[in-house]
Structure formats: C-alpha cells, structure tokens
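One-letter residues, chain by chain:
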Amino acid sequence: IPQSDSLLVSGWVADPIDGAPVSNVKVYIDGSLIGTPTLGLARPDVAAYFNNAAYTNSGYQLIYSAATLSTGTHVVTVVAIDSASRSTTFGPLTITASGD
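Notes on the structure in this doc start here. (Residues numbered from 1 in each chain as written. Predicted model: local features only at pLDDT ≥ 70, side-chain atom pairs only at ≥ 80, totals over all residues. Heavy atoms only, no water.)

1. Digging into the overall build of the protein
Here is step 1 of the chain: What the protein contains, in helices and strands, is one helix and seven strands.
Here is step 2 of the chain: Moving toward the C terminus, one meets the helices and strands of the protein in the order β-β-β-β-α-β-β-β.
Here is step 3 of the chain: With the principal axes as the frame, the protein shows a C-alpha extent of 45 × 25 × 15 Å.
Here is step 4 of the chain: Taking all 100 residues of the protein together, 33% fall into the buried category.
Here is step 5 of the chain: Here the contacts in the protein between residues at least 6 apart in sequence split such that 57% fall between residues at least 24 apart.
Here is step 6 of the chain: With an accessible surface of roughly 5600 Å², the protein has 52% of that area assigned to carbon and sulfur atoms. (Helix = DSSP H or I, 4+ residues; strand = E, 2+ residues; numbered from the N terminus. Buried < 20%, exposed > 50% of the residue type's maximum accessible area, 1.4 Å probe, protein only. Contact = heavy atoms within 4.5 Å. Areas by Shrake-Rupley, 256 points an atom, 1.4 Å probe, with all protein chains shown as cover.)

Right, dumping it as structure tokens:
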C-alpha cells in the first residue's frame, strides 16, 4: 500500500443471536486500535447465503490513511464482540506499506 493511499478494511460480521450489525467491532494494526468501522452496511448476499434476513445489514467498512504507517510490514486484525462478550478475531492479515 503506498503511503499516499488509504487502507480499506471491509467485510461482514453477524451473530446467530444478535443478528446484525454486531455493535462492537474494532480494527487493529500491529496490535494497536486504529478505529471502529462503520457498521450496518447492506450485505444482501450474506443474508441470502445464510437464508437469514437478520444478516442483511452485516457489512462494515473502515478507511485508514496509509500515511500514518511506517514503511514495511504490518498486521491487521478485526475483532467482533457480541452482546454476551464473546469475541471472534479475523486475521491477522499482513500488509506492506511502501513509500511513494
């Protein structure tokens, strides 16, 4: 990822009991919290796949400036926590920030 660009972290998360959106989702880079994504984005594909209308708004997205990243390799993780305080970690995904 060029440092002049932005990192897009997106996906979906739903819970069999809570449905969607799951209200507590956090994004981390190298173990440090970088933010909470926008939740409740439409994902009719997820609802159709699971045949569960409660998953319709399960999408999330966070845009993060790559200028804040040092040149080199970084690790991205997403953590979702449901209403019963059970968590699921997605990742890690390795990215590389490069100079322009």
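Now that the structure has been shown, we can carry on.
2. Considering the pattern of salt bridges
Here is step 1 of the chain: Taken as a whole and assessed by the stated rule, the structure comprises two salt bridges.
Here is step 2 of the chain: Put simply, Asp 45 and Arg 43 hold a salt bridge, and the shortest N to O gap is 2.7 Å.
Here is step 3 of the chain: Residue Arg 43 is classed as partly exposed on the basis of its relative accessible area of 23%. (Salt bridge = Lys/Arg side-chain N within 4 Å of Asp/Glu carboxyl O.)

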